Structure formats: structure tokens, C-alpha cells
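Commentary on secondary and tertiary structure
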Amino acid sequence: MNYSIMRVFASQVEEIMNPIAKLLTRSQHLMALRDGFQLAMPFIFVGCFFVPIIFPPFANAESAISVWWLDIANILRPILLPTYQLTLGVVGLIVSFGVSASLAKHYQLPERLSGLTGCVAFLMLVGFYDLEAADIRYLGGAGIFSALIAGIYSVEIVRFFILRGWYIKMPEDVPILTVQSFKLMVPIFVVVITLSIFNVWIERQFGVHFPQLIEAVFRPLVLASDSLAAVLISILVCQLLWFVGIHGALIVTGIMNPFWMSNLLENQQAIQSGADVIPHIYLPAFWDFFVLIGGVGSTLPLVYLAIKSRSNQLKSVGKVGLIPSIFNINEPILFGFPIILNPLFLVPFIMVPMINATIAWFLTSAGILDRIVIMFPWSVPAPIGAAWAANGSIINACMVGFAMINAYFLYLPFFRAHENILIEQEAERAEQLRRYQDSAT
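First, a word on scope: everything that follows refers to the structure included in this document.

Let us now look at unusual backbone geometry. Glycine aside, the phi torsion of most residues is negative, and most peptide linkages are trans. Cis peptide bonds are those with omega within 30 degrees of zero, and the linkage from F337 to P338 qualifies with -5°. Within the element layout of this structure, P338 appears in the loop between α15 (331–336) and α16 (346–365). Its identity as a non-glycine residue notwithstanding, Q108 has a phi of 60°, on the positive side. Mapped onto the secondary structure, Q108 falls in the loop between α5 (91–106) and α6 (111–125). Positive phi values are uncommon outside glycine, yet N391 reaches one of about 65°. Looking at where N391 falls in the secondary structure, it is placed in the loop between α17 (382–389) and α18 (394–440). N391 gets classed as buried once you look at its relative accessible area, which sits at 7%.

It is worth spelling out a nonpolar patch on the surface at this point. Taken together, the side chains of L322, I323, I326, F327, I329 and W378 present a nonpolar region at the surface, about 530 Å² in accessible area. Position of W378 relative to the elements: it lies in the loop between α16 and α17.

The subject of this paragraph is the packing of α5 against α6. Helix-helix packing is described using two parameters, namely the angle between the two axes and the distance between the axes. Relative orientation of the contacting elements α5 and α6 amounts to 140°, with a least axis distance of 7 Å. Here α5 is positioned oblique relative to α6, judged by the angle of their axes. Between α5 and α6 lies a crossing of right-handed hand. Contacts from G92, L93, S96, F97, S100, A101, A104 and K105 in α5 reach E111, R112, S114, G115, L116, G118, C119, F122 and L123 in α6. Partitioning the contact of α5 with α6 into residue classes produces eight nonpolar, six polar and three charged.

So, on to the side chain of S234. In this fold, S234 is placed in helix α10 (residues 228–243). Given the relative accessible area of 6%, S234 is considered buried. Among the polar contacts made by the side chain of S234, one reaches the main-chain carbonyl oxygen of A230 at a distance of 2.7 Å.

Bringing the layout of surface pockets into the picture now. Left-over empty space is what a probe sized like a water molecule reveals as it rolls over the atoms. For the largest pocket, the calculated volume is near 660 Å³. What lines the largest pocket is a set of 26 residues, and nearest its centre among them are A249, L250, T253, D288 and W378. For the lining of the largest pocket, the elements supplying multiple residues, two or more each, are α2 (28–49), α11 (248–273) and α12 (284–291). Of the residues belonging to the lining of the largest pocket, the class tally is 16 nonpolar, seven polar and three charged.

Another aspect to go through is the packing of aromatic side chains. Evaluation of the coordinates by the stated rule reveals 16 aromatic pairs. Between F160 and F161, the aromatic rings sit 5.8 Å apart at their centres with planes inclined by 70°, giving edge-to-face as the arrangement. Ring centres of F160 and W166 lie 5.6 Å apart, and the angle between their planes is 75°; this geometry places the pair in the edge-to-face category. F160 sits in the partly exposed class, given a relative accessible area of 35%. Of the residues examined, W166 reaches a relative accessible area of 45% and is grouped as partly exposed. Members of the aromatic cluster, connected to one another through ring pairs, are W260, Y282, F286, W287 and F290. It is R159 that lies over the ring of Y107; its NZ or CZ is 4.0 Å from the centre. Residue placement shows K183 over the ring face of Y167; its charged tip is 5.3 Å from the ring centre.

Turning our eyes to something else, we now look at the packing of α2 against α5. Packing of α2 against α5 leaves a shortest axis separation of 7 Å and a crossing angle of 140°. The angle between the axes of α2 and α5 places the two elements in the oblique class. Remark: the crossing between α2 and α5 carries right-handed chirality. Listed contacts from α5 to Q28, H29, M31, A32, L33, D35, G36, F37, L39, A40, F43 and I44 of α2 are V91, I94, V95, F97, G98, V99, S102, L103 and H106.

Listed as buried for α17 are A382, G385, A386, A387 and A389. The first or second residue beyond α17 is N391, which carries a positive phi of 65°.

With respect to the helices, strands and loops of the structure, V192 is situated in helix α8 (residues 176–206). Overall, V192 belongs to the partly exposed group, its relative accessible area being 22%. Sequence-distant contacts of V192, defined by excluding residues within four places in its chain, comprise V120 and M124.

Another point: the pattern of salt bridges. The full count for this structure, using the stated rule, is three salt bridges. The partner of R159 in a salt bridge is E156, with the nearest N and O atoms 3.9 Å apart. Of the two residues, R159 and E156 are both situated in helix α7 (residues 144–163); the distance of three residues between them amounts to about one turn of the helix. The network of salt bridges with shared partners includes R310, R416 and E419.

What counts, and where the lines are drawn
- Residues numbered from 1 in each chain as written.
- Predicted model: local features only at pLDDT ≥ 70, side-chain atom pairs only at ≥ 80, totals over all residues.
- Heavy atoms only, no water.
- Helix = DSSP H or I, 4+ residues; strand = E, 2+ residues; numbered from the N terminus.
- Buried < 20%, exposed > 50% of the residue type's maximum accessible area, 1.4 Å probe, protein only.
- Patch = residues over 30% accessible without salt bridge, like charges linked within 9 Å, V, L, I, M, F, W, Y side chains within 5 Å.
- Areas by Shrake-Rupley, 256 points an atom, 1.4 Å probe, with all protein chains shown as cover.
- Salt bridge = Lys/Arg side-chain N within 4 Å of Asp/Glu carboxyl O.
- Axes fitted to C-alpha atoms, helices over the stretch in contact; angles between N-to-C directions.
- Parallel < 35°, antiparallel > 145°, perpendicular 65-115°, else oblique.
- Left-handed = near helix turned anticlockwise from the far one by under 90°.
- Contact = heavy atoms within 4.5 Å.
- Nonpolar A, V, L, I, M, F, W, Y, C, P; charged D, E, K, R; others polar.
- Polar contact = N/O pair within 3.5 Å; in protein donor to acceptor, adjacent residues only side chain to side chain.
- 1 Å grid on protein atoms, 1.4 Å probe; cavity = no way out; pocket = protein on both sides within 12 Å on 5 of 7 lines; lining within 4 Å.
- Points joined across faces, edges and corners; volume = space filled by probe spheres on them.
- Phe/Tyr/Trp six-rings, centres within 6.5 Å; stacked < 30°, edge-to-face > 60°.
- Lys NZ or Arg CZ within 6 Å of the ring centre and 35° of its normal.

The following block contains the structure:
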């Protein structure tokens, strides 16, 4: 491998990707979307936690454990099913509040009132002013895009009026919450009136509510988000950004979260209805546990190689990075080897997760791997997370084991080349130190 050519290529990647990444990371709207989903995460995790209990992973088996599990599920289902439905079932409403409050914070507007304004705008947009005709599924994952639009629209209207001073002013000695309430009264009035007019126009023009129109318009995009091409593009963007020291996973997940959440809830609805085929493959757990094994770049096998290395630097980094990498935190590896801006690791850093993801995709499409129905925190060790995200799938855990072995052999030649360079450098430093000590004596 020509090291100088790789270094030139790395500098070109940095020159191209840095401006794009900075633009995305500085976008207040993208940051608001990310914050909105982070606010919803505890509710999503709690709702997902009940899935293996409500819908036993081996309900058709005849073992003593499966019979016992099914009996427990039948007892607990009346208690747990409402909590499952009212955590995941209102995730759109939660996201609308989170997006609105986050964007309001950026604009230095009243956060809580802006968040509630976003909720009202969301309910208006999805048709909950008419409870008889309202479709309750739009409070959940089916209404995610409407929640994002409603949250951003409502706060931008509030900001527009506040910047121009078009609001009711109160004396200084009035309590702050009262001041804020009157301050937002005119913008809130405009938000609900404009959305009501918009709803009437949409219904007359297309005969549907806004989220139904969004579903029809964005259906090709949603389908494209659950494809192998989407997986590989996501990985490529993430890896290139991380390679130049930018947290690419935050940007990728910020873009993909609306699609992932919607598709995850569709998978859960499929398992709830007893469908033979669960529709979607590319979901958060696929990303976290098949692509980011041990952290971005699937670097967990590098920890083992580092601990066994002849290089003192790599051995130290491996020991420090062992425990974090088990929980998918690999900054010690990325910056300790280093992998960041190290041209020697550019090819495997991109190709290892791509190859593993491609294998996992085709195996899932073929029905060999089980599809994702649960969302777990990304810090769960990969084999455990992959298994339980598919409702207790042992074969998915085996896939993680295969991916780790595959990553080991793909990284090995590049690791050896890097190790030899470091060993030579350490030998040179040791020789220089010996000469210095000899001259000093």
C-alpha cells in the first residue's frame, strides 16, 4: 500500500467532508430534530421493554420455559399492553414537544410554552380537532413527519412575531410566566388559525388529512430508507466524517431517526397483529449492533489485537479501551491507535462495517436472521442487543459473532502494518534514549 497516496486521499476526504459536516452540525433545525427524538427515547425504551413479555419470542415452542413464559405473558398482558400502547402510541406527540422546545431554546424563546404550542399544532395538523374522524395511529410513529413539521412551523411563527414585537406586552412587575403567556398569545392564535385554514384547504383539495398526504408523498422516500443502498450510504457518510474527526453517527442518526421510528412502530404493529412477515429491516438496532460492533467502524476485534500486540503503545490503548468497547464506546481506540486521520486504516474503517451490514441485510432478507421489533440503548453489548432487539433471536447474536470474526480478519493485515510502524518508532526512541543516557554518563 502506498502510504503517501493514502495520506493525500485522506486530506481530500477531509477537505470535502468538513464543510458539509459543519453545515449540518450547526443547523438549529437538525439539532432540534435530534433533541426531539432524544426526549422521546426513554418512552420508546420503556415501551420496547415490554415487547418480549407481551409478545413472547417463542410462543409456539413446547418447552417448559416457553409454556411458563406464555402463562406469565397472558397474566401480565392486560396490565402491560396499555403502557406499551401509551408510550410508543404517543411518540409523535412527544417528539413535537421536544422539537419545539429545543428550537425555542436555540431562539431564546419560552421553551415550555413553545413546546406546548408545537403539541397543539401537531394535534391540529393530524386532525385531532375532529375526534370521531381522527386516526389514533397518527399520534405515534405514523405521525412522526407531521410532528417535525408542526414543531418547526409553530416555533418559526412564534419567532417571527416576537422579533417584530407583534405581541401583548405586560408591566415589568407581572410574574414571568404570565408575561410569557401573554407574549405568546398572538403567535399561538396565528398558528392554530393558519393550520385550521390549511387543513380545510387540504381536505377540499385532496380529501385527506395532512399526515395521509405526507404518507403518499414520502412513501418512495420511506421505502428507499429501508434499503441496502440506504444502509451503505449511511455507513459511508458516517465513516468518512468520523475519519476526519467529526461525529458522523450523530449526523446520520439525526437524518435517519424519523424513518427508523416510523418503521420500528410498523414492525411492532405487525408483530402485535400476528403478521407472518415483519416489513422492515433497517432500524436502529440493525445500525447499533450489526454495523457499530464495539463502536463506529466495528473496531472491537482491534482491542484484542492491541492487547496482544508487541507495541507498547497499542498494548496500553487496548487495555484502556477494552471495557468501553464492550459497551460500544471506542473513542480510546479511534484516537489512541490512532484510526482518525490515519490513512492506513481508511479502507478497513469504511469497508468492514459495509461488508458486515451487507451480509446481515441479505441474511435478513432471506429470512435467516430475524427482523428488529425492539429498540435498545446503543450501549448494550452487541450480541445481547442484536438478540433481544429481534425479540430473543439467538441467530442474530450468532451473526454478531460472525461479524466480529470477519472484522478481525479484515482488520488484521492493516493492523500488522500499523503495528510494525509503531514498533520501529518505539525501537528508534529507545535507541535515542539509550544514546542520550550513554552520553550523559
